[in-house]
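# A structural walkthrough
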Amino acid sequence: DMDNAVVQAKSISTALGNLDKENKDLYDSNFEKFKSNVAAVNNDISIPSETKLTISFHEGFDYMIEKYGFHIEKTFSLEENAQASAHEISELIDEINEDDIKVLFAADDSTLNIAKTIANETDAKIYILDPITTGDGNYMEYIEKMSNNIKVIQEAYYE
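To start, this report covers the structure provided alongside it. Everything numeric here is computed off the predicted structure, so don't read it as measured data.

A word on the sheet that holds strand β3 (residues 103–106). Strand order across the open sheet formed by four strands is β2-β1-β3-β4, with parallel pairing between neighbours. In the strand order of this sheet, the two ends are held by β2 (74–75) and β4 (125–128), each with one partner. Both β3 and β4 contribute to a ladder of four bridges, which runs parallel. Pairing of Phe-105 across the sheet is with Tyr-127, part of β4. Where helix α3 (residues 59–67) meets the sheet, it contacts β1 (54–56), β2 and β3, and its direction lies at approximately 120 degrees from that of β3.

Printed below as a string of structure tokens:
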């Protein structure tokens, strides 16, 4: 949730400013830039009046997608290094076909292969989101990745 990111950034900025009073203005300025960038991304999202039923393959997406007014019908996640059984996949395919679910959100990780298998057996389409669990520390990386995620979400619901 980008609003939570702003709260976290403010806490970090304040803490750093208290520890390094000489650079407090720099921390405050950087926080204000970050807050402004988050507001710009949040203002860019538009929500269609009718959304499609959705399944997420990464629990990290649910809070973000639902924050913007969309609904996740179900989240299918696996423990690290675990594999889905044929029975689990078959049940999910049946559920997707039965409920006419059209959107599958997945990360580019082990669950993407499951999502591909399911998409091949249903009318649902895969949209890849970035869970932002890695990065190079670039100042704008979080904003850029969240902005891209929002574009992907909107593509999924407006397509």
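Here Thr-54 is to be found in strand β1. On the basis of relative accessible area, Thr-54 is assigned to the buried category, the value being 0%. A polar side-chain atom of Thr-54 sits 2.6 Å from a polar atom in the side chain of Tyr-157. When sequence neighbours within four positions are dropped, the list of residues in contact with Thr-54 reads His-71, Ile-72, Glu-73, Lys-74, Ile-101, Val-103, Phe-105 and Tyr-157.

Take the packing of helix α1 (residues 2–19) against helix α2 (residues 24–44) next. One way to put it is that α1 packs onto α2 with a least axis distance of 9 Å and a crossing angle of 175 degrees. Accordingly, the angle class assigned to the pair α1 and α2 is roughly antiparallel. Together, Met-2, Asp-3, Ala-5, Val-6, Ala-9, Lys-10, Ser-13, Leu-16 and Gly-17 of α1 and Lys-24, Tyr-27, Asp-28, Phe-31, Phe-34, Lys-35, Val-38, Val-41 and Asn-42 of α2 make up the contact between the two elements. Here the residues of the contact of α1 with α2 sort into 10 nonpolar, three polar and five charged.

So, on to the nonpolar core. The biggest cluster of nonpolar side chains holds 27 residues, and the ones touching the most others in it are Met-2, Ile-65, Phe-105, Leu-129 and Ile-153. For this core, the secondary-structure elements that each account for two or more residues are α1, α2, α3, β3 and α6 (141–158). No other element matches α6, which puts seven residues into this core. In contact with Ile-65, not counting residues within four places along its chain, are Phe-70, Ile-72, Phe-105, Leu-129, Ile-153 and Tyr-157.

What follows covers a negative patch on the surface. A surface patch of like charges, here negative, comprises Glu-73, Glu-88, Glu-91, Asp-94, Glu-98 and Asp-99. When you line up the elements, Glu-88 lands in helix α4 (residues 86–99).

Rules and cut-offs
- Residues numbered from 1 in each chain as written.
- Predicted model: local features only at pLDDT ≥ 70, side-chain atom pairs only at ≥ 80, totals over all residues.
- Heavy atoms only, no water.
- Pairing = 2+ DSSP bridges.
- Helix = DSSP H or I, 4+ residues; strand = E, 2+ residues; numbered from the N terminus.
- Contact = heavy atoms within 4.5 Å.
- Axes fitted to C-alpha atoms, helices over the stretch in contact; angles between N-to-C directions.
- Buried < 20%, exposed > 50% of the residue type's maximum accessible area, 1.4 Å probe, protein only.
- Polar contact = N/O pair within 3.5 Å; in protein donor to acceptor, adjacent residues only side chain to side chain.
- Parallel < 35°, antiparallel > 145°, perpendicular 65-115°, else oblique.
- Nonpolar A, V, L, I, M, F, W, Y, C, P; charged D, E, K, R; others polar.
- Core = buried A, V, L, I, M, F, W, Y, C linked by side-chain atoms within 4.5 Å.
- Patch = residues over 30% accessible without salt bridge, like charges linked within 9 Å, V, L, I, M, F, W, Y side chains within 5 Å.
- Areas by Shrake-Rupley, 256 points an atom, 1.4 Å probe, with all protein chains shown as cover.
- Salt bridge = Lys/Arg side-chain N within 4 Å of Asp/Glu carboxyl O.
- Lys, Arg positive; Asp, Glu negative; His and termini not counted.
- Charge placed at Lys NZ, Arg CZ, Asp CG, Glu CD.

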